[in-house]
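Breakdown of the fold
Read off the chains here:
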Amino acid sequence: MSGNFWKLGIAAALTILPASIASAQEALDADQAAALCHGGGSICVSAKIPVARTTQAVLSWMSPDVGAAWAAGYKGKGVTITIIDDFSSSSRFSGNFGLGTQYQRHGEWTREEASMIAPAATIRSKDFSTGSAVPLASGRNVLNLSYGMYANAGYRVNQIRWAPEEQSIISYASKGSAIVSKAAGNDSVAVGGVTSGQQDYLDLALIGKPTAIFVGALSTNGTASNKAQLAWYSNYAGSDPTVQSHFLVVGVEGDKTGLYGTSFAAPIVSGYAAIIGSKFTKATPVQITNDLLNTARTDTLVNYNPSVYGKGEASLSRALAPVAIR
């Protein structure tokens, strides 16, 4: 398998559909790459960031659980979130997280979102176009992956010759060294499923890893009295029990922010993981991952089914409720 990798983020007119392409046997030629980057009104993204804005205001797109966590003093202190994304391309798009309309790169958006959920966390940026290994900070680490690695369907994961970047991420998830929050994808298929003849091999490589969490998008934050449903574009858990056991959903209220896609679901879970780590300061990444998964809600979802919603809607309040986690 070729070691050449293409990362592609697509921003359609109303939805952000980031993805990446890892070549299977041969690299795309320049014309093919151009078509993927610019065809159909989409734009190509690759991946450094200026300092992200942070705020401690609870905004309308956030779950009320976030404000309750902050009020209790848990804001992500002592945890490092590394955003692996596009921080160097010329591709930008507009949105509004409640700070006024901005025009930013994909990674600048995902980084800003994570920093707004966990304002006391240390936020790092890793340009995903470099391919170099992702370094971990001292203490607890969360890695946010709002992208995928696509190639022609039908290969085994062990046939992929990963770049040091993805190789390090997969290793951390395998060893439980860092929590990995992975956007589930925006193709309305099961995690790891085939779309347009391709599969996300980064999804496939993370299945079964103890600290990997796949994150799908709900069209709104759910409550017991006003249940939420999966966003039309979001990938879902599928029939594999291993995926179901590590799949969460959160609200992505694009009608309020102008930003849609599971790209904006993953940073919410990244922020939640940091907040949990700021309460349970001796907890391991595996313990924090399991706490998030085991406290998810199903009573806030329309027609809950694990093949759609996995473990359910991430519940920060329930995850923070125990005196200690094991």
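The structure contained in this document is the topic of the report that follows. (Residues numbered from 1 in each chain as written. Predicted model: local features only at pLDDT ≥ 70, side-chain atom pairs only at ≥ 80, totals over all residues. Heavy atoms only, no water.)

A closer look at helix H9 (residues 285–294)
If you check which residues of H9 are buried, you get Pro 285, Ile 288, Thr 289, Asp 291, Leu 292 and Leu 293. Among the structural elements, strand E9 (140–145), strand E11 (179–183), strand E13 (212–218), strand E14 (247–251), helix H8 (266–279) and helix H11 (316–320) are those in contact with the buried residues of H9. (Buried < 20%, exposed > 50% of the residue type's maximum accessible area, 1.4 Å probe, protein only. Helix = DSSP H or I, 4+ residues; strand = E, 2+ residues; numbered from the N terminus. Contact = heavy atoms within 4.5 Å.)

Re the nonpolar core
Tyr 272 and Ile 276 are the most contacted members of the largest nonpolar core, which has 49 residues in total. Residue contributions to this core peak at seven residues, all from H8. Ignoring sequence-local partners within four residues, the contact set of Tyr 272 consists of Ser 63, Val 66, Ile 117, Val 250, Leu 292, Ala 314 and Leu 316. Counting residues in hydrophobic clusters, the runner-up holds 33 residues, among them Ile 160, Ala 205, Leu 230 and Leu 301. (Core = buried A, V, L, I, M, F, W, Y, C linked by side-chain atoms within 4.5 Å.)

Topic: empty space enclosed by the protein
In this structure, the largest cavity occupies an estimated 50 Å³ of space. What lines the largest cavity is simply Trp 61, Phe 97, Glu 113, Gly 251, Val 252, Glu 253, Thr 257, Leu 259, Phe 264 and Ile 268. Of the residues contributing to the lining of the largest cavity, the split by class is six nonpolar, two polar and two charged. (1 Å grid on protein atoms, 1.4 Å probe; cavity = no way out; pocket = protein on both sides within 12 Å on 5 of 7 lines; lining within 4 Å. Points joined across faces, edges and corners; volume = space filled by probe spheres on them. Nonpolar A, V, L, I, M, F, W, Y, C, P; charged D, E, K, R; others polar.)

Brief notes about helix H3 (residues 106–117)
The terminal C-alpha atoms of H3 lie 17 Å apart, and with 12 residues this matches the ideal 16 Å at 1.5 Å per residue to within 8%. Most of H3 is tucked away, with 12 of its 12 residues classed as buried. Within H3, burial applies to His 106, Gly 107, Glu 108, Trp 109, Thr 110, Arg 111, Glu 112, Glu 113, Ala 114, Ser 115, Met 116 and Ile 117. (Expected span 1.5 Å × (residues − 1).)

So, the packing of H8 against H9
Describing two packed helices takes the angle between their axes plus the distance from one axis to the other. Between H8 and H9, the shortest axis-to-axis distance is 10 Å and the interhelical angle comes to 115°. Once H8 is placed against H9, the crossing between them reads as right-handed. In contact with Val 269, Tyr 272, Ala 273, Ile 276 and Gly 277 of H8, H9 contributes Ile 288, Asp 291 and Leu 292. Taken together, the residues of the contact of H8 with H9 break down into six nonpolar, one polar and one charged. (Axes fitted to C-alpha atoms, helices over the stretch in contact; angles between N-to-C directions. Left-handed = near helix turned anticlockwise from the far one by under 90°.)

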